Amino acid sequence: MSVSVSVGVDGGAQSIEDMVRALRDAAHDEPVAGQRAAKQGHSSLTASPVQSTVSGNVESADAVAALNSKIESGKTLRHTVAFVTAVAIGFAGLVYGNKTYGPEMYADGGLNAAADAHAKGLNYEVFDLNLNVRALRDAQLARMTKAPEVIIIGASHWQEADKGLLNGMDFYNAHIHRDYWEDLPGMVELLVRHDRLPKKLIVAIRDLQFTPAENRKDWLWEPGIPAYRAFTQRIGIDTESWWKTAPWHRLQALISLPMFFENFTRWQQALVRPGATSANRSETMDMLMPDGSILWSKYKLDHLFTPERRKNEVKNFADSVLNKPLVIDNDGIEAWQSTFSFLKSKGVQVYLVNPPFNPEFYDQIAGTQYATGLAKVEQLTQRFSRDFGFPIFGSFNPHEVGCTADQYKDAEHSNPSCLHNLFDQFLAVDKQMGDN
Amino acid sequence: MSFTSLQFIFAFLPLSFIGFALVQRFLGAKMGINFLALASLVFYGMWGAPLLLILLTSMAFNFTIGNTLPSLSADRSKQKNLFTVAVIVNLVMLGYLKYTNFFVDVANQAGGMSFAHFDIVAPIGVSFFTFVQIGYLIDAYNGQLVRHDFARFIVFAAFFPCVTAGPLVMQREMMEQLAEPKQNALDLRRIMIGVTMFGMGLFKKILMADSIAPFADAVFNGAHEGMTYNWATAWIGALSYMLQLYFDFSGYSDMAIGIGTIFGIKLPLNFDSPFKATNISDFWRRWHMTMTRFFTAYVYSGLAMNGMRKAMSARASRFGRYFLCAALPSFFTFLCAGVWHGAGWNYIVYGAMHGTAIAVFLGWREMGKFTLAPPVAWALTMLTVVCGLVMFRAADLHSAFGLLGHMFGIGGNAANVKTITIDAAQAMSLIVIFSAVTLLLPNTQQILHHEWPVVDSKPADIALDAGLVSWRPSFSTAIITAFIFTVGITSIGASSGFVYYKF
């Protein structure tokens, strides 16, 4: 409502009309305030019969202006409350929807169900591997009855490494997708918290391991930050700032409308939904195994992971990284040094490994900035080895490990036959350590 | 930190506003301005400490010079010398940060050299904050400065909603607002208007610009890589980019103005339904309005005055007067505007294209025998705009001319190379829908015309333009605004960042 009140000899009649209209509107909108204002208006006009019409108008105009202001404030307040409520309902609805239809990524319930199945020796089917794997590791470790003999902490390079590759050793594959340097302290925190520190811990160091938080293009590391923080407090070292490591992208995914549509559509259309199973392979679902490894669906193995796709993936990946330097975060190096000291003090034998790339990719990037970056990461691995006396196996160079292009699904993810070569190296190193 | 990041929306913006409101409430308006200056520096510092240092150095330099110039008014030549040196220093800094590697490329191509590129990172928004400060120096030189201190100068030159990509503010319009802030920081209505503008801008950027961008990217990148395509694909790419840029930049501008409104600072309009323009001059009054205003005030006016003096002294003919007073100043002004956008031949040609178009339009208006029918004039204007934007977006002149050639059926394709593949039906649907939005619906300021949250004067007929769509606080408006705001925020994905951040 907008009322123009003109005060003066010429505008007197118009002012009174406006005031009457305003008072009527006000009474309609806000009965109590309106009546009060009407009363005030009346008294200002009648209490002093000797007052001029002009001064009466002025007082009434002030009252109307105050009233108008109050009415407008009331409308704005109601508008604001409605706006904030609607936005809050929108956000809450999306959070609920994403947790319901994407439980393995967003809700603890889905991961607890998977860990419960694993504790019973069952496998767990999921639509794909877009899940909060860090929380899954936490849930799995919490349900273990004893510490495994060997644990590997690394990225998705190790996802297909099952216990069969280790000659019957009690092995747990604690790989986590797209791990960065905060993930090692974070995983060690989980192992300590659940009293599951192993005798032998394989720590994989990948190309992007020490990328600073601000340079990262993905966000799956964000859910691992609380464990990382807890570990830094446990051993009393500096922690990355809250601003740098806050889970913004995870929050973004949690309230994501496109993600909700995707999750909802998939959930509704699925013939099989995530759940425990005793089957060893699924037609359409990927499988999370009790030893921490994964099994691809038959569909993906037969139709998705083709040689053509592999070549495209290699080319696209190579094109995207060729001229990019690998940045190493010194905070990460310091945090790992402290973590290694801690592990050593607890009697854990650490083994270091660099996972091999697809030879098609590795040969393509020879002489580029990226290759220089890889050499730096290998040098860093050697430095850790020297400083802490940890043995090394594996290499970014696939030719040194004996892996061939046909053993890969893309530029970096190999199948168990290549991983077998790596674990043979581990077993040899381990034997040597035992002999010594 | 982009306006489209959750860090900004859920942390920086609310925290800085709460801090500002508290400081203003309990420590006074002056401290409120100081807080805003600090928040702006923190915001810019998040792009990197070295970049903040460049901004601070630039501001300290210009503030010092700007406050020295009025005191030299008794010695006009000394004042002029200092002013000239200061402007040159700004331009040299801008040139070094933005154009050094372009000149290296030119030298390499022209002289067959092989100089390596310098490792220079141009600070985000360097063109914007440098030109805003040059405007400040000009005002200082002309004795038009409004009294201010360094905190107010920081808010003027680096206010966080506009430091990265404008709107290009003028000293007077900012300093007058900052001189004696009377706004109550917690004026709920003003905050809701700002939030509404911010939400509308976010919606434009995320739902519109980012959804049509992949088509433009596919065509322009494909053309750059030498892929084959036909005339229809070329047109889809060009039109997609035209709409992407509009929704991207006008979305950004709405967000910036909305943030300014939340803090009680009115910023100038940057867009006014440019695709409704029926001549190229009208287009530039509606597109990137603050840039047009800047170049008109500080480049065109001077050149036109100079041309007029020459024309009068030479007793020039009608054509001569037109050439010296209008055509030449327009051409040079737009050439400068093109160069201002970035280092590359395509920006120079883009500026020259628009300078020529304006010169032709002014000549036609001055000497033409008839006026074109509005639909024809509109079509001709849009054709000029879309051709200009092909030049603006293309990675190099070769692919720009290739695309323009294909658009008019004179392009050839190399044999045995990949073809650009896009979903033409989907692209066309978006082009039609988004064009209809730009041509048929009222724009942001028209929707908010009752409140008029910008520094510009309000057009008399704006209510008519707005039609039935106008913002008033009510339950239905709140729900619609909340829908736009929520959909905007919850659709933020791998956003490409604002196009104008690179300028």
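Keep in mind the model is a prediction, meaning the values are calculated, not measured. (Residues numbered from 1 in each chain as written. Chains lettered and ligands numbered in written order. Predicted model: local features only at pLDDT ≥ 70, side-chain atom pairs only at ≥ 80, totals over all residues. Heavy atoms only, no water.)

Caption draft 1: Structural detail: the overall build of chain B. From N to C terminus, chain B includes 19 helices and zero strands. Scaling as 2.2 N^0.38, a compact globule of 503 residues should have a C-alpha radius of gyration of about 23 Å, and chain B matches this with 23 Å. Counting only C-alpha atoms and orienting by the principal axes, one finds that chain B spans roughly 70 × 60 × 55 Å. Partitioning the contacts of chain B with sequence separation of at least 6, the portion at a separation of at least 24 is 77%. When the accessible surface of chain B is summed, it comes to about 21,400 Å², and 67% of that surface belongs to carbon and sulfur atoms. (Helix = DSSP H or I, 4+ residues; strand = E, 2+ residues; numbered from the N terminus. Rg over C-alpha atoms; globule rule 2.2 N^0.38 Å. Contact = heavy atoms within 4.5 Å. Areas by Shrake-Rupley, 256 points an atom, 1.4 Å probe, with all protein chains shown as cover.)

Caption draft 2: Broad picture of the overall build of chain A. A count of helical and extended segments in chain A gives 18 helices and nine strands. Split into buried and exposed, the 436 residues of chain A put 51% on the buried side. A separation of at least 24 residues holds for 77% of the contacts in chain A among residues at least 6 apart in sequence. Counting only carbon and sulfur atoms, one obtains 53% of the accessible surface of chain A, whose full area is about 19,900 Å². (Buried < 20%, exposed > 50% of the residue type's maximum accessible area, 1.4 Å probe, protein only.)

Caption draft 3: Main features of the interface of chain A and chain B. Taken residue by residue, the interface counts 23 residues in chain A and 29 residues in chain B. For the pairing of chain A and chain B, the buried interface totals around 2,200 Å² over both sides, and the portion due to carbon and sulfur atoms is 76%. Here chain A and chain B share one salt bridge between them. Where Glu-72 of chain A meets Arg-189 of chain B, a salt bridge forms, and the shortest distance between an N and an O atom there is 2.5 Å. On the surface where chain A and chain B come into contact, there are five residue pairs in polar contact (both at pLDDT 80 or more). The greatest single-element share of the side of chain A that touches chain B, amounting to 13 residues, is contributed by helix α3 (residues 53-101) of chain A. Partitioning the side of chain A that touches chain B into residue classes produces 14 nonpolar, seven polar and two charged. (Buried area = accessible area lost by both parts, 1.4 Å probe. Salt bridge = Lys/Arg side-chain N within 4 Å of Asp/Glu carboxyl O. Polar contact = N/O pair within 3.5 Å; in protein donor to acceptor, adjacent residues only side chain to side chain. Nonpolar A, V, L, I, M, F, W, Y, C, P; charged D, E, K, R; others polar.)

Caption draft 4: Structural detail: the packing of aromatic side chains. All names here are of chain A. Tallied over the entire structure, the rule returns 83 aromatic pairs over all chains. Ring centres of Trp-242 and Trp-243 lie 6.2 Å apart, and the angle between their planes is 55°; on these two criteria the pair is classed as tilted. Taking relative accessible area as the criterion, Trp-243 reaches 30% and is therefore assigned partly exposed. Sitting over the face of the ring of Tyr-180, Arg-206 holds its NZ or CZ atom 4.8 Å from the ring centroid. Stacked on the ring of Phe-305, the Lys or Arg Lys-409 has its end atom at 5.5 Å from the ring centre. (Phe/Tyr/Trp six-rings, centres within 6.5 Å; stacked < 30°, edge-to-face > 60°. Lys NZ or Arg CZ within 6 Å of the ring centre and 35° of its normal.)

Caption draft 5: Just unusual backbone geometry, in detail. Pro-167 of chain B follows Gly-166 of chain B through a cis peptide bond whose omega is 0°. Tracing the backbone through its elements, the reader meets Pro-167 of chain B in the loop between α6 (150-158) and α7 (171-179). Residues other than glycine seldom take positive phi values, yet Arg-178 of chain A does so here, at roughly 50°. By secondary structure assignment, the location of Arg-178 of chain A is in the loop between β3 (171-173) and α7 (183-193).

Caption draft 6: Spatial organisation of the state of the cysteines. Taken as a whole and assessed by the stated rule, the structure comprises one disulfide over all chains. In this model Cys-403 of chain A forms its disulfide with Cys-418 of chain A; the gap between the sulfur atoms is 2.0 Å. The chirality of the disulfide connecting Cys-403 of chain A with Cys-418 of chain A is right-handed, given an S-S dihedral of about 85°. Linking Cys-403 of chain A in the loop between α17 (398-401) and α18 (416-435) with Cys-418 of chain A in helix α18, this pair joins segments that are 15 residues apart in sequence. No difference in accessibility class separates Cys-403 of chain A from Cys-418 of chain A, as the two residues are buried. With no disulfide of its own, Cys-336 of chain B lies closest to Cys-325 of chain B among cysteine sulfurs, the gap being 18 Å. Residue Cys-336 of chain B is classed as partly exposed on the basis of its relative accessible area of 24%. (Disulfide = S-S within 2.5 Å.)

Caption draft 7: Representation of the packing of helix α8 (residues 188-224) of chain B against helix α16 (residues 424-440) of chain B within the structure. Residue and element names in this part refer to chain B. Look at α8 against α16: their axes get within 10 Å of each other, and the N-to-C directions meet at 145°. In the crossing of α8 with α16, the sense of the turn from one axis to the other is left-handed. Taking contact as the criterion, the partners of Leu-207, Met-208, Ser-211, Ile-212 and Phe-215 in α8 are, on α16, Gln-426, Ala-427, Leu-430, Ile-431, Phe-434 and Val-437. In terms of residue class, the contact of α8 with α16 is made up of nine nonpolar, two polar and no charged. (Axes fitted to C-alpha atoms, helices over the stretch in contact; angles between N-to-C directions. Left-handed = near helix turned anticlockwise from the far one by under 90°.)

Caption draft 8: How the structure looks around the pattern of salt bridges. Using the criterion set out here, one finds 30 salt bridges over all chains in the structure. One salt bridge connects Arg-193 of chain A with Glu-189 of chain A, and the closest N-O pair in it is separated by 3.3 Å. Pair noted here: Arg-193 of chain A and Glu-189 of chain A are both in helix α7, with a separation of four residues, about one helical turn. A salt bridge links Lys-30 of chain B to Asp-149 of chain B, with the nearest nitrogen and oxygen atoms 2.6 Å apart. Highlighted residues: Lys-30 of chain B in helix α2 (residues 29-45) and Asp-149 of chain B in the loop between α5 (126-141) and α6, separated in sequence by 119 residues. Overall, the relative accessible area of 38% leaves Lys-30 of chain B in the partly exposed class. The network of salt bridges with common partners includes Glu-72 of chain A together with Arg-189 and Glu-451 of chain B.

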